[in-house]
Amino acid sequence: METNTIFIVGCAAAAAAMVIYYLRNRRNIASFIAGTVSGIVSLFLLEKVSALFSLNIPLNLFNIAGSLILGVPYVVILAIMNFL
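What counts, and at which threshold
- Residues numbered from 1 in each chain as written.
- Predicted model: local features only at pLDDT ≥ 70, side-chain atom pairs only at ≥ 80, totals over all residues.
- Heavy atoms only, no water.
- Phe/Tyr/Trp six-rings, centres within 6.5 Å; stacked < 30°, edge-to-face > 60°.
- Helix = DSSP H or I, 4+ residues; strand = E, 2+ residues; numbered from the N terminus.
- Buried < 20%, exposed > 50% of the residue type's maximum accessible area, 1.4 Å probe, protein only.
- Expected span 1.5 Å × (residues − 1).
- Arc of directions from axis to C-beta.
- Contact = heavy atoms within 4.5 Å.

Chemist: Could you clarify how one ought to interpret the packing of aromatic side chains in this entry?
Modeler: For any pair of aromatic rings, the description rests on two quantities: the centre-to-centre distance and the angle between the ring planes. Applying the stated criterion across every chain, the model contains one aromatic pair. Judged by centre distance (6.5 Å) and plane angle (70°), the ring pair of F62 and Y74 falls under edge-to-face. On the criterion of sequence distance, the pair formed by F62 in helix α3 (residues 61-70) and Y74 in helix α4 (residues 72-83) is long-range, its members being twelve residues apart. On the accessibility criterion, Y74 (3% relative accessible area) is buried.

Chemist: What should I look at first to understand helix α2 (residues 28-49) in this one?
Modeler: Three- or four-residue spacings in an α-helix give side chains the same orientation, since the helix completes a turn every 3.6 residues. Here α2 is 22 residues long and its end C-alpha atoms lie 31 Å apart, about the 32 Å a rise of 1.5 Å per residue gives. Every buried residue belonging to α2 is among S31, G35, T36, G39, I40, S42, L43 and L46, and all of these are buried. When α2 is viewed along its axis, its buried side chains cluster within an angular range of 160° and face the same direction. In α2, the exposed positions angled more than 90 degrees off the buried face are occupied by I29, L45 and K48. On its buried side, α2 packs onto α1 (3-24), α3 and α4.

The values reported here are purely geometric and, on their own, carry no functional implication.
Written out as structure tokens, the structure reads:
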């Protein structure tokens, strides 16, 4: 399996887990909004400071969707994968 395929399958599994989490949470709307906002803000901040750490983080549809669904953990894993 290619690395990209493993990454996409992992993100799909994490997205399914997040959907289940948001549906079972008592404050599901507030929790979803907080996770979404923190994820997109962290992605934009990482994209702005990526030149300082010699990372190449593009703002494409996949990265934006991943940060909106999964939040900050997606952005952290994205940064680690680009750093290695």
